[in-house]
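# A closer look at the structure
Here is what each chain is made of, one letter per residue.
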Amino acid sequence: MYTVGIDVGSAAIKIVVYDGETYRYAIEPTGWSPKSNGEKVYKKFLIENNISSSKVKRIIATGYGGRRLDFVDEYKSEITCHGKGCHYLCSDIRGVIDIGGQDSKAILLNEKGKVLDFNLNDKCAAGTGRFLQVTTNALDLDMDQIDCLAKDSSPLSIDNMCAVFAETEVLNLLVQGAKKDEILAGLLKSIALRVGSLAGKANLQGKIAFCGGVAQSQVLRRMVKEYCNLNIITLKNPQITGALGAAVLGFK
Amino acid sequence: MRAKTMEYFDSLIAESAIKIKEEKEKGKKVMGYYCVFSPVELIEASGAFSVGLCATKQEPIAEAEKHLPRNLCPLIKSSYGFAITDKCPYFFFADAVMAETTCDGKKKMYELMADIKPMVVLDIPNSSVYRKRKEHWMEEIHRAKDFIKDELGLEVTESSLKEKIKEHNEERKLLMELVELNKFNPTPISGADLLKVLWGRQFKADREEYIAKVKILMEELKEISLKSDKVKGPRVLVTGSPTGVGQEKVINVIENLGGQVVLQEACSGVKGLVDLVDEDKNPYEALAEKYMDIPCSCTSPNTRRFELTNNLVKEYEIDAVVDITLQACHTYNIESYQLKKEVDAPFIQIETDYSESDVEQIKLRVSSLFELINE
Ligand code: SF4
Ligand code: SF4
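First, a word on what this report is: a plain description of the structure on this page. (Residues numbered from 1 in each chain as written. Chains lettered and ligands numbered in written order. Predicted model: local features only at pLDDT ≥ 70, side-chain atom pairs only at ≥ 80, totals over all residues. Heavy atoms only, no water.)

Next up on the list: the packing of helix α6 (residues 180–201) of chain A against helix α7 (residues 218–228) of chain A. All names here are of chain A. Here α6 crosses α7 at 55 degrees, and the two axes come no closer than 9 Å. Relative to α7, α6 is oriented oblique. Handedness of the α6/α7 crossing: right-handed. Contact with α6, carried on its side by Ala-185, Leu-188, Lys-189, Ile-191, Ala-192, Leu-193 and Gly-196, involves Val-219, Leu-220, Met-223, Val-224, Tyr-227 and Cys-228 of α7 and no other residues of that element. Its residues assigned to classes, the contact of α6 with α7 comprises 11 nonpolar, 1 polar and 1 charged. (Axes fitted to C-alpha atoms, helices over the stretch in contact; angles between N-to-C directions. Helix = DSSP H or I, 4+ residues; strand = E, 2+ residues; numbered from the N terminus. Parallel < 35°, antiparallel > 145°, perpendicular 65-115°, else oblique. Left-handed = near helix turned anticlockwise from the far one by under 90°. Contact = heavy atoms within 4.5 Å. Nonpolar A, V, L, I, M, F, W, Y, C, P; charged D, E, K, R; others polar.)

Right, let's talk about the pattern of salt bridges for a bit. All names here are of chain B. For the coordinates displayed, the defined rule picks out 44 salt bridges over all chains. Its salt-bridge partner being Lys-196, residue Asp-10 comes within 2.8 Å of it at the nearest N-O pair. Of this pair, Asp-10 sits in helix α1 (residues 6–25) while Lys-196 is found in helix α9 (residues 191–200), placing the two residues 186 residues apart along the sequence. We classify Lys-196 as partly exposed; its relative accessible area is 23%. Where Glu-170 meets Lys-173, a salt bridge forms, and the shortest distance between an N and an O atom there is 3.4 Å. Of the two residues, Glu-170 and Lys-173 both sit in helix α8 (residues 158–180), 3 residues apart, roughly one turn of that helix. Taking the relative accessible area as the measure of exposure, Glu-170 reaches 43% and is therefore partly exposed. (Salt bridge = Lys/Arg side-chain N within 4 Å of Asp/Glu carboxyl O. Buried < 20%, exposed > 50% of the residue type's maximum accessible area, 1.4 Å probe, protein only.)

Further remarks concern the site of ligand 2. In the vicinity of ligand 2, the contacting residues are B:Cys73, B:Leu75, B:Ile76, B:Cys103, B:Lys106, B:Ser241, B:Pro242, B:Leu326, B:Cys329 and B:Thr331. Of the residues belonging to the shell around ligand 2, the class tally is 7 nonpolar, 2 polar and 1 charged. (Near = heavy atom within 4 Å.)

Taken together, B:Cys35, B:Val36, B:Phe37, B:Thr102, B:Lys106, B:Pro242, B:Cys267, B:Cys296 and B:Tyr332 make up the full set of residues adjacent to ligand 1. Counted by class, the shell around ligand 1 contains 7 nonpolar, 1 polar and 1 charged residues.

Hydrogen bonds between backbone groups are what pair the strands of a sheet, and the pairing can be parallel or antiparallel. All names here are of chain B. With respect to topology, 4 strands assemble into an open sheet ordered β6-β5-β7-β8, the strand pairing being parallel. Looking at the sheet topology across the chains shown, the edges are occupied by β6 (260–264) and β8 (347–352). Within the sheet, the average angular offset between the axes of one strand and its neighbour, ignoring direction, is 30 degrees. Looking at chain direction, strand β7 (residues 320–326) and β8 are connected through 6 bridges and run parallel. Bridged to Leu-326 within β8 is Thr-352. Contacts from helix α13 (residues 303–315) reach β5 (235–240), β6 and β7, with the element oriented near 165 degrees to β5. (Pairing = 2+ DSSP bridges.)

Residues and elements named next belong to chain B. Taking 1.5 Å of rise per residue, 13 residues should cover 18 Å, and helix α14 (residues 330–342) covers 19 Å from first to last C-alpha, within 8% of that figure. Most pronounced at Ser-336, the bend in α14 amounts to some 35 degrees. When we look at burial in α14, the residues that qualify are Tyr-332, Glu-335, Ser-336 and Leu-339. Contact partners of the buried residues in α14: β5, α13, β7 and β8. (Expected span 1.5 Å × (residues − 1). Bend = angle between axes of the 7 residues up to and from the residue.)

Moving on to the sheet that holds strand β7 (residues 104–109) of chain A. All names here are of chain A. One open sheet holds the 5 strands; their spatial order is β8-β7-β6-β9-β10, and the pairing between them is mixed. Two strands lie at the open edges of the sheet, namely β8 (115–120) and β10 (231–234), each paired on one side alone. Averaged over all neighbouring strand pairs, the angle between strand axes comes to 25 degrees, with direction disregarded. Of the pairings in the sheet, the one linking strand β9 (residues 207–211) to β10 comprises 4 bridges and is parallel in character. Note on β10: the bridge partner recorded for Ala-209 is Ile-233.

Residue and element names in this part refer to chain B. Within the largest apolar cluster, 107 residues are counted, with the highest numbers of intra-cluster contacts made by Met-31, Phe-37, Leu-42, Met-98, Trp-137, Ile-254 and Val-322. Considering every element that reaches this core, the biggest residue donor is helix α15 (residues 359–374), with 7 residues. The contact partners of Phe-37, leaving out residues within four places of it in the chain, are Glu-100, Thr-102, Ile-124, Trp-137, Tyr-291, Met-292, Ile-294, Cys-296 and Cys-298. (Core = buried A, V, L, I, M, F, W, Y, C linked by side-chain atoms within 4.5 Å.)

Residues and elements named next belong to chain B. The end-to-end C-alpha distance of α15, which contains 16 residues, comes to 22 Å, matching closely the 22 Å that a straight helix rising 1.5 Å per residue would cover. For α15, the tally of buried residues reaches 12 of 16 residues, placing the bulk of the element in the interior. For α15, the set of buried residues is Val-359, Gln-361, Ile-362, Leu-364, Arg-365, Val-366, Ser-367, Ser-368, Leu-369, Phe-370, Glu-371 and Leu-372.

Taken together, the contacts link 21 residues of chain B with 21 residues of chain A. Taken together, the two surfaces of chain B and chain A that pack against each other cover about 1900 Å², and 49% of this comes from carbon and sulfur. Between the two partners, chain B and chain A, sit 2 salt bridges. A:Asp117 is the partner of B:Lys340 in a salt bridge, and the nearest nitrogen-oxygen pair spans 2.6 Å. Connecting chain B to chain A are 6 residue pairs in polar contact (both at pLDDT 80 or more). Contributing elements (two or more residues each) for the side of chain B that touches chain A: β8 and α15 of chain B. The dominant element in the side of chain B that touches chain A, judged by the number of residues it contributes, is α15(B), at 10 residues. (Buried area = accessible area lost by both parts, 1.4 Å probe. Polar contact = N/O pair within 3.5 Å; in protein donor to acceptor, adjacent residues only side chain to side chain.)

On to the pairing of strand β1 (residues 30–33) of chain B. Residues and elements named next belong to chain B. Across the two faces of β1 the burial is the same, with Val-30 and Gly-32 and Met-31 and Tyr-33 all buried. Taken together, the 4 bridges between β1 and strand β2 (residues 49–52) define a ladder with parallel strand orientation. Residue Gly-32 lies in a different strand from β2, and its bridge partner there is Val-51. A crossover connection joins β1 to the parallel β2 through helix α2 (residues 40–45); in handedness this β-α-β unit is right-handed. Of the strand pairs in this sheet, β1 and strand β3 (residues 96–100) are connected by 3 bridges, and their pairing is parallel. What sits directly across from Gly-32, in β3, is Val-97. (Right-handed = clockwise from strand over helix to strand, strands pointing away.)

Here the focus is the side chain of A:Asn110. Residue and element names in this part refer to chain A. Note on placement: Asn-110 falls in the loop between β7 and β8. From its side chain, Asn-110 meets the backbone nitrogen of Lys-112 in a polar contact 2.8 Å long. Beyond its immediate stretch of four places on either side in the chain, Asn-110 contacts Arg-94 and Leu-116.

Encoded structure:
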């Protein structure tokens, strides 16, 4: 017997199958059509893992595109799912910070992994994956170059929180001759500070899991620890915690 | 099940505009007003029509942004946009406008609006602990009375004022009785419909007809309550910046996700209805007392809002509070932090404007809130 969690985000579809003890996962790009790709990813995943669909007891969807899938049994919000997924991977955490493509989230959990409170960024893209994407684009950098470039640089201050304005600010700094790595470090710092204030408003304390694609950056993790004085731990698969949480929730 | 009488309220705003036009052609004066601080009793005691102008639509905002900053509260941009485009019949028919120095955005916008219509802008003391605030407001009401006389040529007498105070008290009591029907679970009237009825109050051309319809509606709702069975989604109280007809976005998301919007604490809800005007006192003094006690975030500190919200949470057996902050509304935005600490229920703040661009984000917040309650 299996449950499946499927997290359809703006950039990637994450899928997890869980049998009550172990889990397997896959990550695929979302592409143009979250709805039809969601279904494709699901079918492909079952075939590749040699699971017949009759063995799947429940499918729970989450994420922005998750609401649109019609082959699933239930939809659960990312907040609940990330909370569950992170708690499953590390039961003594009390909070989650997730930097997603569109939303950054701070989630306060109790010892059972139940959500007590949460806080999200406001309408603008500040502090989200999107912010980093737009601004690194302006620097002509790829996301996987981030860490090695920003590792030992001292951050310049980037004051604009709006992604569009920050892009202009980055371009201006370049024109003035600022170094790329210092601008990049500055961008990461501004995200760290932003995330810190989200976490502060949701009262996050104790061990905090950091997830979402952006959480793969070691420099960012270090900065969140340092500037925001938060006890950040990193999970093995920070990208799949939403889908994992959904699958775990489905099992109960 | 939806009450049949709601059809009357569905078309109330559009039809009242036609009636007001007719009355105006017969020589009746019309005075517009914006917010719950406006002593409407005074306007009506002069014999003029009072019409609500609070603007809650996206439509005229682009036009307004030609004069106003983009990062301003949509309510202010919308009201100004309606003023300069002649797209709102109520503003168009208004011979004069009554307004107040609520937030900074509004009061500076009124300076621009004053070029379009004759205006009286009443000065709200922004400290709720200022000793002379009631006296001050009484003087402002007298100033408004003089303005009505000079601008519209209409007199307010003590007896006409007393009469209007009585009528409005009756209306407030009745509307609170209507709201109280939502103490039932499931609620007999949806939050969007309740808003429509309360909102319609500011536009109606005929008070007697309106009141009669509210009474019929209440009878219908009682029957609906008797028939309906118990289970339904979480009971939500909405508070924060004014949420009006045309901008029910958040309320709709809550209700589409299975929640019940039981009532609004906001000024488009019960904020202005919970207190009556003392009918035994000097009418000006009594008006000043009632209006200076409105728990709006433009006064500081605004502890009464915390008390009111908490009382409503208990009385109406509320499961969660949703605090709506219009973008760039600093007063409600900052106050949200305190409110969250004071309120004894799960709480989220939603910052938004009138555009539809963030509906998905709002859904995420609301569904997370519901999962948090249900788990
Ligand atoms: S929020 Fe305050 S200022 Fe705005 S309409 Fe309501 S009572 Fe008036
Ligand atoms: S919502 Fe806030 S900013 Fe907008 S008019 Fe009301 S008090 Fe002013």
